[in-house]
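# Examining the three-dimensional arrangement
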Amino acid sequence: MSFPATRPRRLRETPALRQMVRETTLTPDDFIYPMFVIHGQNVRREIKSMPGIYQLSVDQAVTEVGEVTQLGIPAIMLFGIPAVKDAVGSENFSDQGIVQQAIRAIKAANPNLIVIADVCMCEYTDHGHCGIVENDEIVNDATLEILQKAAVSYAQAKADVVAPSGMMDGMVGAIRSALDAEGFASVNILSYAIKYASAFYGPFREAAEGAPKFGDRKTHQMDPANAREALRELALDIEEGADMVMVKPALPYLDVIRRVRDACHLPVGAYNVSGEYAMIKAAAANGWLDERAVVLELLTGIKRAGADLILTYHAKDAARWLRDRD
Ligand code: PBG
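These remarks concern the structure in this document. These numbers were taken from a predicted model, which means no experiment stands behind them.

## Considering the nonpolar core
Ranked by internal contacts, the top residues of the largest apolar core, which has 110 residues, are Phe 36, Ile 76, Met 77, Leu 78, Tyr 154, Leu 179 and Ile 194. When residues of this core are assigned to their parent elements, the largest contribution, 8 residues, is made by helix H4 (residues 140-156). In this view, Leu 78 contacts Met 35, Val 37, Val 99, Ala 102, Ile 103, Ile 106, Val 115, Ile 116, Ala 117 and Asp 118; residues no more than four positions away in its chain are not counted.

Structure, rendered in C-alpha cells:
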C-alpha cells in the first residue's frame, strides 16, 4: 500500500498524536551531571570555555548538588583539581583528596544521590598523563596499581560507582579485584570502555587542569576511525567485570553507541563531552542556534542511538526544560 492510501503525515497531525507514537522519551532519570571540585571555601570559578559550569569548593558543590537532586537528576560524576600535582598523582588516592572530601560531604547531605568518581591520573600528575610515565612512555601495568588505590579510596569515602577513564589495558579487572579484596563488592564500575582520542576534550582540560605537558593520548585512547575495535574493548571490559560501559564522546560516535547497545546487555552510557557543550554554548551566545531546542534534540538523538545514560553538562538545563515543557 502506498500513496494516497498511506499518508505518514496523518500520525503527525496533532501534538497528542505525535506524543502517542513517539519512540524515544528523554527524562532527567537518564542524566548524569559532571562536576569539578577544588580546594578552598566559597570558591565558584566559571570555566571560560564552558559557560554555566564551575570549579566548586566542597561547600559550593554541596549547594549545587541540592539543585541537581531537586531537578530529579539521579547521579553526578566528580572530577577533582588537586592542591599539589606530582609524578604519581598522590592526591588521587589520599583520604584527604579533594574528591574524597567532596564524596563524603555530598553523600552525607544526599544519601540517595548516586555519586560516581572518575578514576584517572591526568588531573593529579605534574606531567598531565593518565598513567605512570617512564622514558616519555605511559607504563600500563604500574598505572593499574595506582588506579586500584584510587578506586578503593573513593569507595572508602562512600562513592557508589567508580568510573575508570584512562583507557589502560586491564583497568576494569584490576579495579574489580582491588574493590572486592577490600570489602567493596557492591561498588559498581562504570567503565569508559570506548574512549576516543578526541579533540573535543579541549575545554575539559581547562576545567580539570589536566592537559598533557608533552605528547598526546593516542597510545591509549582509541583512533576515531575505528568502530570494530570498540566491540573488542567492550568484550574485554565485560569479561573483566564492568557493570556499565560508556562511549565517549557522544555526537561524532552515535554509530558506535548503537553498535555497543546492540552488542551487549549492560547499561550503556554516552558522554556528551566538554567540546560538544562548548560548541552549543558559543553558537547560542551568538544567537545562531536556539539552545533549548538543539539541546533537547541532541540529547534525544544520543538516547535514540542507544544510550541508557547520558553524561552531560546540559543536565540541569535540560531537566528544567523537560519539567517546564508544555
Ligand atoms: C580523563 C578524562 C577526560 C575527560 C573525562 N575524563 C579528559 C581526557 O581524556 O583528556 C573528558 C571529559 C570532557 O571533555 O567533558 N580523566
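## Some remarks on a positive patch on the surface
Taken together, the side chains of Arg 7, Arg 9, Arg 10 and Arg 12 define a basic patch exposed on the protein surface. Mapped onto the fold, Arg 9 is located in the segment before helix H1 (15-20).

## Remarks on the site of the ligand
Close to the ligand lie 18 residues; Lys 195, Arg 205, Lys 248, Ser 274 and Tyr 313 are nearest. The side chain of Gln 221 places a nitrogen or oxygen atom 2.9 Å from an oxygen atom of the ligand. In isolation the ligand exposes 400 Å². Once the protein is present, 100% of that is buried.

## Thoughts on a nonpolar patch on the surface
A contiguous nonpolar patch, built from Leu 11, Met 20 and Val 21 and spanning about 290 Å² of accessible area, is present on the exposed surface. Within the element layout of this structure, Met 20 appears in helix H1.

## Details of the side chain of Asp 118
In this structure, Asp 118 sits in strand E5 (residues 114-119). One buried charged side chain, Asp 118, makes no salt bridge at all; its nearest oppositely charged neighbour is Lys 248, positioned 5.9 Å away. In terms of polar contacts, Asp 118 uses its side chain to reach the side chain of Tyr 192, at 2.7 Å. What Asp 118 contacts, discounting residues up to four positions off in sequence, is Met 77, Leu 78, Phe 79, Glu 123, Tyr 154, Ala 163, Ser 165 and Tyr 192.

## So, the pattern of salt bridges
A full pass over the atoms with the stated rule returns 14 salt bridges. A salt bridge links Arg 104 to Asp 95; the shortest N-O distance between them is 3.2 Å. The structure contains a network of salt bridges with shared partners spanning Arg 44, Glu 64, Glu 67, Lys 316, Asp 317 and Arg 320.

## Some details on helix H7 (residues 228-240)
When the terminal C-alpha atoms of H7 are compared, their 19 Å separation across 13 residues agrees well with the 18 Å that a helix rising 1.5 Å per residue should span. Residues of H7 that are buried include every one of Ala 230, Glu 233, Leu 234 and Asp 237, and no others. Relative to the axis of H7, the buried residues are bounded by an arc of 105° and lie together on one face. Across H7 from its buried face, at more than 90 degrees, point the exposed residues Arg 228, Arg 232 and Glu 239. In this structure, the buried side of H7 is in contact with helix H5 (171-181), strand E9 (188-195), strand E10 (244-248) and helix H8 (254-263). A positive backbone phi angle near 105° is found at Gly 241, which sits one or two residues after H7.

So, how was this worked out
Here the residue numbering is sequential within each chain, running from 1 through the sequence in written order. For a predicted model such as this one, the threshold for reporting local features is a pLDDT of at least 70, and the threshold for listing and counting side-chain atom pairs is 80 or more; totals across whole chains, interfaces and linings nevertheless cover every residue. Only hydrogens and water are removed before side-chain values are computed, so all heavy atoms of the structure are retained for them. Buried residues of nine kinds, namely Ala, Val, Leu, Ile, Met, Phe, Trp, Tyr and Cys, make up a nonpolar core once their side-chain atoms join them within 4.5 Å. Type-normalised accessible area, obtained with a 1.4 Å probe on protein chains alone, sets the label of each residue: buried when under 20%, exposed when over 50%, and partly exposed for intermediate values. Only runs of H or I of at least four residues qualify as helices and only runs of E of at least two qualify as strands under DSSP, and these elements are numbered from the N terminus. The contact rule is simple, with two residues in contact once any of their heavy atoms fall within 4.5 Å. The patches described consist of residues with a relative accessible area above 30% and no salt bridge, like charges being joined within 9 Å and nonpolar side chains (Val, Leu, Ile, Met, Phe, Trp, Tyr) within 5 Å. Shrake-Rupley sampling with a 1.4 Å probe provides the accessible areas, and residues are treated as covered by the protein chains on show and by no other component. For this analysis, a salt bridge means a side-chain nitrogen from Lys or Arg found within 4 Å of a carboxyl oxygen belonging to Asp or Glu. In summary, the charge assignment counts Lys and Arg as positive and Asp and Glu as negative, without counting His or the chain termini. Charge positions are represented by NZ for Lys, CZ for Arg, CG for Asp and CD for Glu. Nearness is judged by heavy atoms alone; a residue qualifies as near a molecule or strand once a single heavy atom is within 4 Å of it. What qualifies as a polar contact is a pair of N or O atoms within 3.5 Å, subject to a donor-acceptor requirement within protein and to the restriction that residues adjacent in sequence count only when both atoms come from side chains. Multiplying 1.5 Å by the helix residue count minus one yields the expected span of that helix. Summarising the geometry, the arc corresponds to the directions from the helix axis toward the C-beta atoms.

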